[in-house]
There are 4 protein chains.
Amino acid sequence: MRGIGVGLIGTGYMGKCHALAWNAVAATFGDVARPRLVMLAETSQALATARAAILGFDRGTDDWRRLVADPEVDIVSIAAPNPFHRDMAVTALEAGKHVWCEKPMATSLADAEAMRDAARASGRVAVLGYNYIQNPAIRLIGKLIAEGRLGRLQHLRVEMDEDFMADPATPFGFRDQSLSGIGALDDFGVHALSLLSVLAPPVERVVCDMSRPIPQREGDDGMRAVETHDSATVLLRFAGGATGQLALNRAAWGRKGRIALQIFGNAGSVTYDQERLNEVQYFDSRDPADRQGFRTLLAGPAHPPFANFVPAPGHSLGFNDLKVIEAREVLNAVAGKPARLIDFEAGLDIETCVAAMARSHANGVWVDIADRRRA
Amino acid sequence: MRGIGVGLIGTGYMGKCHALAWNAVAATFGDVARPRLVMLAETSQALATARAAILGFDRGTDDWRRLVADPEVDIVSIAAPNPFHRDMAVTALEAGKHVWCEKPMATSLADAEAMRDAARASGRVAVLGYNYIQNPAIRLIGKLIAEGRLGRLQHLRVEMDEDFMADPATPFGFRDQSLSGIGALDDFGVHALSLLSVLAPPVERVVCDMSRPIPQREGDDGMRAVETHDSATVLLRFAGGATGQLALNRAAWGRKGRIALQIFGNAGSVTYDQERLNEVQYFDSRDPADRQGFRTLLAGPAHPPFANFVPAPGHSLGFNDLKVIEAREVLNAVAGKPARLIDFEAGLDIETCVAAMARSHANGVWVDIADRRRA
Amino acid sequence: MRGIGVGLIGTGYMGKCHALAWNAVAATFGDVARPRLVMLAETSQALATARAAILGFDRGTDDWRRLVADPEVDIVSIAAPNPFHRDMAVTALEAGKHVWCEKPMATSLADAEAMRDAARASGRVAVLGYNYIQNPAIRLIGKLIAEGRLGRLQHLRVEMDEDFMADPATPFGFRDQSLSGIGALDDFGVHALSLLSVLAPPVERVVCDMSRPIPQREGDDGMRAVETHDSATVLLRFAGGATGQLALNRAAWGRKGRIALQIFGNAGSVTYDQERLNEVQYFDSRDPADRQGFRTLLAGPAHPPFANFVPAPGHSLGFNDLKVIEAREVLNAVAGKPARLIDFEAGLDIETCVAAMARSHANGVWVDIADRRRA
Amino acid sequence: MRGIGVGLIGTGYMGKCHALAWNAVAATFGDVARPRLVMLAETSQALATARAAILGFDRGTDDWRRLVADPEVDIVSIAAPNPFHRDMAVTALEAGKHVWCEKPMATSLADAEAMRDAARASGRVAVLGYNYIQNPAIRLIGKLIAEGRLGRLQHLRVEMDEDFMADPATPFGFRDQSLSGIGALDDFGVHALSLLSVLAPPVERVVCDMSRPIPQREGDDGMRAVETHDSATVLLRFAGGATGQLALNRAAWGRKGRIALQIFGNAGSVTYDQERLNEVQYFDSRDPADRQGFRTLLAGPAHPPFANFVPAPGHSLGFNDLKVIEAREVLNAVAGKPARLIDFEAGLDIETCVAAMARSHANGVWVDIADRRRA
């Protein structure tokens, strides 16, 4: 059995995460051929060669176009800086490769649309690296909803908070410049929206407010006005009438990796906080009155595909494991099997939602999110 | 030393709570004269007499106007249904009595204004029963803010959730009728606003959405449309530029007494959930990097006036204890001392805020909250 | 309806707590006559008179024997220092009074036996102030066990930790002297044993170890060896074969009021930590595999007698409320009704258990606890 | 740079975990050569060949002795059933290989001693798979202790609980037979002891009790008496005078992967529960009185080697990641660098401790643990 040929562009934070996943996916799941790690691309040949040796790839290159064109490469992992996503993805798809591109999809709605169009034209697998939807805990929440255990969803709250922009003493940097994007909304809020996309009805209307908790930062020539928005708050209306709230803050002291969900239905509730990645809180209104309470569900073999990692419950999965699950889903998709992934169509929905929120903030009004697909 | 004369109108949920507080306040604090529990009013003479015996009051009456007029009565505790608040408070103030009235202040902005006017005209103590601001844990949060430990406040989130309206099988009742008020917003959201009023800068702008999680309920003659809104979501802008969110839901399965705060400043953070009434989570950004984390602060003697109840830390206070602290503050106010209370002026601010939120929902727009006092 | 006549000896920490309970019990429960607060005793007449005024008692005295002899007094609350318990309780019982005595029962096993004998001879109510067993959360645990929801109990762990003796800089004091007792074991460990006495089978065998975390403290004339044991650890064997552990530490930095229970049966489990006085964690092994987890049960009206304090769930009770429940149980006992209390018989069992543990430590061996009652 | 040659014996639960670690270690740490995965051994050639393909090994064999003898193999990962550990480890060491053997070390003290002797004689790296000591959270605890932040350690409690033996309906199986070992003590209690071995002073004295929560189970021919002990409780005395408790229960309903530590010193405290693998609770007694509390420290880049996995704090590590860290330590040891590992000497200490506990239970007495090394 000959494994799929993998090319990897970029070996930073998420590129390394892709590499680890490609190294682990077959050993973890046990029923797919080990991928052949054909080539990786980095910014210099020396770096590429060194990283290839360490990450288990056969070759390295400083030219991603060569990687994309290589006949041994069947699928391209794109983990280069966001502004390159469009070019790389479109080129790869046009070359007949499958594409697994890191989030966010692109740095403009136009780019995202071009990527979606290329995906449609190619007929190839074109998916985004929204790893959090792969968490067995998140899948469990989806299952509880699908089985009707929460009843009809009525109200959802999503929070995503970290503190890497919280320190006023941090000097003015790339993330403070408008060329880096909108701010919390597109930088990491798309993760929150990816969870909504698999757990909630479509978002139909939004009103959004954004702010600059640290209005200015020390630049090379004195204080400089921050251009992006580290904080965003949003009211949401979902198809079917449920209401919701979204809060994003990358200047929230003490929050390190919080993605908190609160989902209320007319029969039960679920809450979750990703800082405790293996726990779900579940309330069943049908429990007897004196024994009702949120249950702390610890991820385990009862929650697929946990058992592929550890056979014992309560023996936690970690952040990198989610990427291994995602890699398996990508392999499924390539093999024509059902896969739990956010493809370029669904990814464009997320980008559309982000754009609507930004417009709401700019204009101070509620904004309808047109149903792109029906249009 | 002759204690102050107390009259109590209403002995239900909060009326009983007032009675317990009046019985306990001197014994708890040890440095004020025991109030004389002169008279209580109930809906019948028999009930009034029986309750007086049980609650330690000298006499009972079925006529609250007699109670208000009684020369032995110095202060009137009003715990009658909300629609009566205005008449009782105004009459008592005009009779020269101090007034301690349960929240919400009134059932219309006009009534609240009339009460405020009567308070101004009387020169008497006229305060509202916002007991949660008395919690030593909340006072601690206020102290941390006042001492600058959080730095400049940048972002605040407030949630208040219970589930007493969550069951779709609960028949149509008083709380479902528009004559009971707006819904979550005025029924219990005012508690959340009371906390903001002591912890945050004034709210300047809001955009609000409300919904009916249970659209209809079983009435006497078949299903009936619910008229009030069990859920409300709000974006907040505070004076000085901080942003915030407010979420209210009285149909949130599994939430029993949740009032959750998240307050982020540029030097630290605080969170709190009233279901754990004696705990504050505090993050200090100045802690060394490897030892940074939210500290679970358990209320104790270091957090006044905890020690007046129990000399040992970690030996919890309860809901009823907060009213005893409030009674002490009322006695302070009557004695002309500084007191931590929400008077009719501040109470009207809360009602104004509620009205603005309702208007925002009705019109689908951001609404400015005019500064009533400067106007 | 004429209420019972109460005399109170001592108005310190627990004496004040008794006074608050006597003031609140009728108003809280609503179906018993208000006790008449006849007299209190303190160490001087001036103090007694002042405290009587504040605490709502008619009179004060500096002679507890006069209080005990007073014909108006039906029941005596004993909250004087432990060495006085025996004399006061025996004298009161011999005078035909009911006795509600604070824990620990006495400072020697002989004294406790004398008290038990006096109780037997008198036919009066003679009970101890083990307030924690009154907590609705603890009663809920008892109910879950009684209903068989945990199945057969197999293993129990109890921890009681505070940090009032943790600071090495605290000078040598009364609690460091052997005349104050054994240390953690009798000072506060009896609370832990009181919980076992209502939740677990009798303890049959123990092996105990004690230590002095702070071996010496600053005295008036230099460093002085600590004589008591701030820490104790015990292995327990219960009737029927269940095993257990007890850990006591009054020098445990960061613990403020921890009494932690872990109770494992062959069908489920319960855990509890008194620093969160209103919460029980309950695991039901019959929940489906993918939805199993500890449920956080928040005390509420489903857990009597919570609703007598607050009608709303999740609106916490506090430490002082437990004493009010206890006062109600005392009134029940006096009225000849069933009452959940630790009487002098059961209290002697606790003291016997403590003595066995101390003996085990001294001799370094397992010690059987003879069944006193069958003997 | 030519990587070390690895042979793996056994590909079950922990064997797969070793394989994943060997695949990931170089990519994760980035500064060591990728190991060459030379050969694995399984119970049949077919299985071995299939697993080799999946796990990334060059070859498979059904004869572990061939693997051990292979000149390409530098280090042998032993993850075969416990009774084989001795033979495999001794043979490998005698063949001049380094050995990384899964816990528990052996099934008898004599076997463990033989392994230790072989290790001494060989001069090779001979270490055990105690992965939990590699957790950055556990390393952080060790660092806090080493830096003196807890002061002098006074009291330690360790609990290890799971529920895989909790169901009385589970039929009689291997773990119920005495040939499988003692029970909780040697089956999983050694993990708890491994943590003590890196965090606490040596254990000097123990008294132990063991029990059979499920006394009999359904066998092939009716009910059969369980021979092992699913539960163990122990009192501990450490060198220097600190006291402690150990509780082990593999029939503890609701516990899935709990390894709970409570470590009290005279300046601070630490607690930890492995079901939340990335969290440490730390109490610093020097914090100001009103801001004292356990800090929830979330593992992150400030806690090496977390950043080698994820550069962002609060983005959890998982169970399998700990083995990757361990693999790195093994490579360090092989390279003659300092390594944080439990070698066969320290492993024998753990086995000696287990044996002493079993003897204490059998004889009902305190047992001294002779200092093997000084002897």
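Residues numbered from 1 in each chain as written. Chains lettered and ligands numbered in written order. Predicted model: local features only at pLDDT ≥ 70, side-chain atom pairs only at ≥ 80, totals over all residues. Heavy atoms only, no water.

**Describing the interface of chain D and chain A**
Here comes step 1: Across the boundary between the two partners, chain D contributes 40 residues, which contact 39 residues of chain A.
Here comes step 2: Buried area between chain D and chain A, both sides added, is near 3300 Å², and the carbon and sulfur share of it is 55%.
Here comes step 3: It is D:Arg34, D:Ile54 and D:His315 in chain D that bury the most area against chain A; as a group they hold 17% of the surface buried on that side.
Here comes step 4: Put simply, chain D and chain A have 2 salt bridges between them.
Here comes step 5: Residues D:Glu279 and A:Arg276 are paired through a salt bridge, measuring 2.5 Å at the closest nitrogen-oxygen approach. (Contact = heavy atoms within 4.5 Å. Buried area = accessible area lost by both parts, 1.4 Å probe. Salt bridge = Lys/Arg side-chain N within 4 Å of Asp/Glu carboxyl O.)

**A look at the relation of the copies chain C and chain D**
Here comes step 1: Expressed as a screw transformation, the operator carrying chain C onto chain D has a rotation angle of 180 degrees and an axial translation of 0.0 Å, and the superposed copies differ by an RMSD of 0.0 Å. What we have between these two chains is a two-fold relation. In terms of proximity to the rotation axis, the leading residue of chain C is C:Val365, whose C-alpha is 3.2 Å off the axis.
Here comes step 2: By residue overlap, the copies meet face to face through one surface: 100% of the interface positions of chain C are interface positions in chain D. (Least-squares fit on C-alpha atoms with pLDDT ≥ 70 in both.)

**Focus: the sheet that holds strand β2 (residues 36–41) of chain B**
Residues and elements named next belong to chain B.
Here comes step 1: In spatial order, the strands read β3-β2-β1-β4-β5-β6-β17; together these 7 strands make up an open sheet with mixed pairing. Of all the strands in the sheet, just β3 (59–61) and β17 (342–343) have a single pairing partner and so form its edges.
Here comes step 2: One ladder, built from 4 bridges, connects strand β4 (residues 75–78) with strand β5 (residues 98–101); its direction is parallel. Within β5, the residue paired with Ile78 across the bridge is Cys101. (Pairing = 2+ DSSP bridges. Helix = DSSP H or I, 4+ residues; strand = E, 2+ residues; numbered from the N terminus.)

**Remarks on helix α2 (residues 45–55) of chain B**
Here comes step 1: Turning to α2(B), its buried residues number three or more, namely B:Ala48, B:Ala52, B:Ile54 and B:Leu55. The buried residues of α2(B) occupy an angular sector of 165 degrees when projected down its axis, which confines them to one face.
Here comes step 2: Buried residues in α2(B) make contact with α1 (13–29), β2 and β3 of chain B together with α1 (13–29) of chain C.
Here comes step 3: B:Gly56, located one to two residues past α2(B), shows a positive phi value of around 85 degrees. (Buried < 20%, exposed > 50% of the residue type's maximum accessible area, 1.4 Å probe, protein only. Arc of directions from axis to C-beta.)

**So, the relation of the copies chain D and chain A**
Here comes step 1: For these two chains of identical sequence, chain D goes onto chain A by a turn of 180 degrees and a shift of 0.0 Å along the axis, with RMSD 0.0 Å.
Here comes step 2: In this assembly, 98% of the residues forming the interface of chain D have copies in chain A that are likewise at the interface, indicating an isologous arrangement.

**A few points about the interface of chain C and chain D**
Here comes step 1: Counting residues at the interface gives 51 residues for chain C, matched by 51 residues for chain D.
Here comes step 2: Summed over both partners, the interface of chain C with chain D buries about 3500 Å², with 49% contributed by carbon and sulfur atoms.
Here comes step 3: There are 6 salt bridges connecting chain C and chain D.
Here comes step 4: Ionic pairing is found between C:Arg157 and D:Glu159, a salt bridge with its closest N-O pair at 2.7 Å.
Here comes step 5: Connecting chain C to chain D are 22 residue pairs in polar contact (both at pLDDT 80 or more).
Here comes step 6: Counting residues per element, the ones that place at least two in the side of chain C that touches chain D are β7 (153–161), β8 (203–211), β11 (231–238), β12 (243–249), β13 (258–265) and β14 (268–273) of chain C.
Here comes step 7: Per-element tally for the side of chain C that touches chain D: the top contributor is β12(C), with 7 residues. (Polar contact = N/O pair within 3.5 Å; in protein donor to acceptor, adjacent residues only side chain to side chain.)

**Digging into the sheet that holds strand β17 (residues 342–343) of chain C**
Residue and element names in this part refer to chain C.
Here comes step 1: Pairing is mixed in the open sheet, where 7 strands are placed in the order β3-β2-β1-β4-β5-β6-β17. Edge positions in the open sheet fall to β3 (59–61) and β17, since each of these has one partner strand only.
Here comes step 2: α1 rests against β1 (5–9), β2 (36–41), β4 (75–78) and β5 (98–101) of the sheet, and its axis sits at about 165 degrees to β1. (Axes fitted to C-alpha atoms, helices over the stretch in contact; angles between N-to-C directions.)

**Some thoughts on the side chain of D:Lys97**
Residues and elements named next belong to chain D.
Here comes step 1: As for its placement among the helices and strands, Lys97 is situated in the loop between α4 (85–94) and β5 (98–101).
Here comes step 2: Among buried Asp, Glu, Lys and Arg side chains, Lys97 stands out as unpaired, with Asp74 the closest opposite charge at 5.9 Å.
Here comes step 3: For Lys97, the contacting residues outside a window of four places in its chain are Val68, Ala69, Asp70, Pro71, Val73, Asp74, Val76, Ala92 and Arg124. (Lys, Arg positive; Asp, Glu negative; His and termini not counted.)

**Here we look at the packing of helix α4 (residues 85–94) of chain A against helix α5 (residues 109–122) of chain A**
Helix-helix packing: each pair is described by the crossing angle between the helix axes and the interaxial distance.
Residues and elements named next belong to chain A.
Here comes step 1: Direction vectors running N to C along α4 and α5 enclose 10 degrees, while the axes themselves pass 9 Å from each other. With respect to α5, the axis of α4 lies roughly parallel. Residues His85, Arg86, Ala89, Val90 and Leu93 of α4 form the contact with α5, whose own contacting residues are Ala110, Asp111, Ala114, Met115, Ala118, Ala119 and Ser122.
Here comes step 2: Classifying every residue of the contact of α4 with α5 gives 8 nonpolar, 2 polar and 2 charged. (Parallel < 35°, antiparallel > 145°, perpendicular 65-115°, else oblique. Nonpolar A, V, L, I, M, F, W, Y, C, P; charged D, E, K, R; others polar.)

**Concerning the confidence of the model for chain A**
Here comes step 1: For chain A, the mean per-residue pLDDT works out to 96, and 98% of the residues sit at or above 70.
Here comes step 2: For this predicted complex, the interface confidence score (ipTM) comes to 0.97, while the overall pTM stands at 0.97. (pLDDT = per-residue confidence, 0-100.)

**Section: the nonpolar core**
Within soluble globular proteins, side chains that are nonpolar tend to cluster in buried spots.
Here comes step 1: Ranked by size, the top nonpolar core spans 246 residues in total, and within it B:Phe344 and C:Phe344 carry the most contacts.
Here comes step 2: With sequence-adjacent residues up to four places away left out, B:Phe344 is seen in contact with B:Ala89, B:Leu93, B:Val99, B:Cys101, B:Met105, B:Met115, B:Arg116, B:Ala119, B:Ala126, B:Val127 and B:Leu128.
Here comes step 3: By size, the runner-up hydrophobic cluster in this structure holds 244 residues, among which are A:Met88, A:Leu248, D:Ala106 and D:Leu348. (Core = buried A, V, L, I, M, F, W, Y, C linked by side-chain atoms within 4.5 Å.)

**Thoughts on the pairing of strand β16 (residues 294–298) of chain D**
Here comes step 1: Buried residues dominate β16(D), accounting for 5 of its 5 residues.
Here comes step 2: Across 3 bridges, strand β16 (residues 294–298) of chain B lies against β16(D) in antiparallel orientation. In the strand pairing of β16(D), B:Arg295 is matched with D:Arg295.
Here comes step 3: One ladder, built from 4 bridges, connects strand β15 (residues 279–284) of chain D with β16(D); its direction is antiparallel. Following the sheet pairing, D:Tyr282 is matched in β16(D) by D:Arg295.

**Focus: the environment of A:Arg65**
Residue and element names in this part refer to chain A.
Here comes step 1: Following the sequence through the fold, Arg65 ends up in helix α3 (residues 64–69).
Here comes step 2: Judged by relative accessible area, Arg65 falls into the partly exposed class, the value being 43%.
Here comes step 3: Once the C-alpha coordinates of Arg65 and Ala41 are considered, the two residues, 24 residues apart in sequence, prove to be 9.0 Å apart.

**Examining helix α4 (residues 85–94) of chain B**
Here comes step 1: Residues of α4(B) that are buried: B:His85, B:Met88, B:Ala89, B:Val90, B:Ala92 and B:Leu93.
Here comes step 2: Remark: B:Gly96 follows α4(B) within two positions and exhibits a positive phi of approximately 85 degrees.

**As for the packing of aromatic side chains**
Here comes step 1: Taken as a whole, this structure holds 28 aromatic pairs over all chains when the rule is applied.
Here comes step 2: Taking 6.3 Å as the distance between ring centres and 40 degrees as the angle between the ring planes, the aromatic pair formed by C:Tyr13 and C:Phe319 counts as tilted. Placement of C:Tyr13 in helix α1 and of C:Phe319 in helix α9 (residues 319–334) is noted, with a sequence separation of 306 residues between them.
Here comes step 3: Cluster of aromatic residues (ring-pair linked, three or more members): A:Tyr13, A:Tyr132 and A:Phe319. (Phe/Tyr/Trp six-rings, centres within 6.5 Å; stacked < 30°, edge-to-face > 60°.)

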